[in-house]
Amino acid sequence: MSKEIMLTGDRPTGKLHLGHYVGSLRTRFEIQETGEYENFIMIADQQALTDNARNPEKIRKSLVEVTLDYLAVGIDPAKTTIFVQSQIPELNELTMHYLNLVTVSRLERNPTIKEEIKLRGFNTSIPAGFLVYPVSQTADITAFKAKKIPVGEDQLPMIEQSREIVRSFNSIYGDILVEPEALISNSGCARLPGVDGKAKMSKSLGNAIYLSDEADVITEKVMSMYTDPNHIKVSDPGEVDNNPVFIYLDAFGKDKKYIEELKEHYKQGGLGDVKVKRYLNDVLQAELEPIRNRRKEFEKDKELIYKILLDGSNKARMTASQTLKEVRDAIGINYFNV
Ligand code: TRP
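Note that the coordinates shown come from a computational prediction; the quantities given were computed from them, not determined experimentally. (Residues numbered from 1 in each chain as written. Predicted model: local features only at pLDDT ≥ 70, side-chain atom pairs only at ≥ 80, totals over all residues. Heavy atoms only, no water.)

Looking at the layout of surface pockets
Using the following cut-off: Computed over the protein atoms alone on a 1 Å grid, cavities are sets of points where a 1.4 Å probe fits but cannot get out and pockets are open sets with protein on both sides within 12 Å along at least five of seven lines; a residue lines them when it has an atom within 4 Å of a point. Grid points are joined across faces, edges and corners, and a volume is the space filled by probe spheres set on the points. Gly falls in the polar group here, along with every residue not listed as nonpolar (Ala, Val, Leu, Ile, Met, Phe, Trp, Tyr, Cys, Pro) or charged (Asp, Glu, Lys, Arg).
The volume enclosed by the largest pocket comes to roughly 1300 Å³. Together, 47 residues line the largest pocket, and R11, H20, E116, D154 and K200 are the ones closest to its centre. Taken together, the residues of the lining of the largest pocket sort by class into 15 nonpolar, 17 polar and 15 charged.

As for the pairing of strand β4 (residues 148–151)
Put simply, side chains in a regular strand alternate between the two faces of the sheet. Condition: Working definition: with a 1.4 Å probe on protein chains only, accessible area under 20% of the residue-type maximum means buried, over 50% means exposed, and in between means partly exposed. Where helices and strands are cited, they refer to DSSP runs of H or I of at least four residues and of E of at least two residues respectively, numbered from the N terminus. A pair of strands is treated as paired once DSSP finds two or more bridges between them. The definition of a right-handed crossover adopted here requires that, viewed with the strands pointing away, the path from the first strand over the helix to the second runs clockwise.
Here β4 shows a buried face lined by K148 and P150 and a second buried face lined by I149 and V151. The pairing of β4 with strand β5 (residues 181–184) spans four bridges and is parallel. The residue of β5 that forms the bridge with I149 is A182. Note that the unit made of β4, helix α9 (residues 156–173) and β5 has a crossover that is right-handed.

Here we look at helix α1 (residues 18–34)
Within an α-helix, residues lying three or four positions from one another point in the same direction, as the helix has 3.6 residues per turn. To keep it simple, the criterion reads: Here the expected length of a helix is defined as 1.5 Å per residue gap, with one fewer gap than residues. At any given residue, the bend is defined as the angle formed between two axes, one fitted to the seven residues that end at that position and one fitted to the seven that begin there.
The terminal C-alpha atoms of α1 lie 23 Å apart, and with 17 residues this matches the ideal 24 Å at 1.5 Å per residue to within 8%. By the largest-angle criterion, S24 marks the main kink of α1, which is about 45°. Every buried residue belonging to α1 is among L18, G19, Y21, V22, G23, S24, L25, R26, T27, R28, I31 and Q32, and all of these are buried. Positive phi shows up at G35, right after α1, with a value of about 70°.

Here's the deal with the pairing of strand β2 (residues 37–43)
Most of β2 sits out of view: six of its seven residues are buried. Where strand β1 (residues 4–10) and β2 come together, seven bridges link them in parallel fashion. Bridge pairing links M6 to N39 in β2. Pairing geometry for β2 and strand β3 (residues 80–84), over five bridges, is parallel.

Examining the site of the ligand
Selection rule: Whether a residue is near a molecule or strand is decided by its heavy atoms; if any one of them lies within 4 Å of it, the residue is near. Nitrogen and oxygen atoms within 3.5 Å of one another constitute a polar contact, given that in protein one can donate a hydrogen and the other can accept it, and given that sequence-neighbouring residues count only through two side-chain atoms. Cavities and pockets are treated as containing a molecule whenever more than half of the molecule's atoms lie within 2 Å of their grid points.
Taken together, 13 residues are adjacent to the ligand, and R11, Q47, Q137, D140 and Q155 come closest. At 3.1 Å, a side-chain N or O of R11 approaches an oxygen atom of the ligand. Assessed atom by atom at 2 Å from the grid points, the ligand resides in the largest pocket. Elements supplying a minimum of two residues to the shell around the ligand: β1, α8 (133–142) and β4. Of the residues contributing to the shell around the ligand, the split by class is six nonpolar, five polar and two charged.

If you want it as structure tokens, here you go:
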């Protein structure tokens, strides 16, 4: 029996940060190491262009950065095919076919899209390509008949929309496509807050710790992290539940017993923020140092990075073109049987 397919991806709009790591990168690595799935990771440059059409240079640069981040966290091209979305033209044709199976109002109802439109201030000037990117994402997933999609929580509406398109396609044209499932990480927390306490860590909010940050930068960010604003004096009892410092400790700390003790102490009063932050800093440094060092090794050989992406894209394209052929056959536009 052939293995089930795991596929996921990222938009190359900058370096990856701890939010990506907790939300999905760590799970991808674990899945890769089980050997249970055939693994694909896609760099979604075309999706990134849907709201960066006037700034393609940013996407070009980030392609290498994101690949370095993958390799740094242990994604291994021998076990996981890493490929570039724009190099698989088959995905665009699949997108066109799927577009006929969704309504504009359904696209406008997608909660993640709605939030992103607000965040980007598009108002009524929404690029059409942006509105339909969930359909293109469905093409990314279905071209590989992927079943397991490790993603952060914000991607759930995308996977739901993909499932609807798959069901619709299969009911009209026959059982060709595979219905995907989101795989939400249970390693600590699904969505990491920013160092400023905002709900989401993100590059555009400027509240991220990057996988490539140097040790002193990490320390600086940790020591100035937002904590419980009512915990003013060391002796004051503090709040741990919505406190980023403790959320990070839950997500990264290995000594769960010690963390529980810290929490109890903090709640009772008598434990200062600085002490907790110093401990968090140690925890993060231990996690990020090997990642940063591996990244530096790979940085020395940019040609190798492009070779990994080219080989991966060539391989991915073979699978996608096979699926496209099945889709064309199913729709019945294979007039000349070639
Ligand atoms: N939308 C995803 C993100 O912003 C990236 C993405 C593109 C993706 N295609 C995908 C994720 C296919 C999973 C599967 O992070």
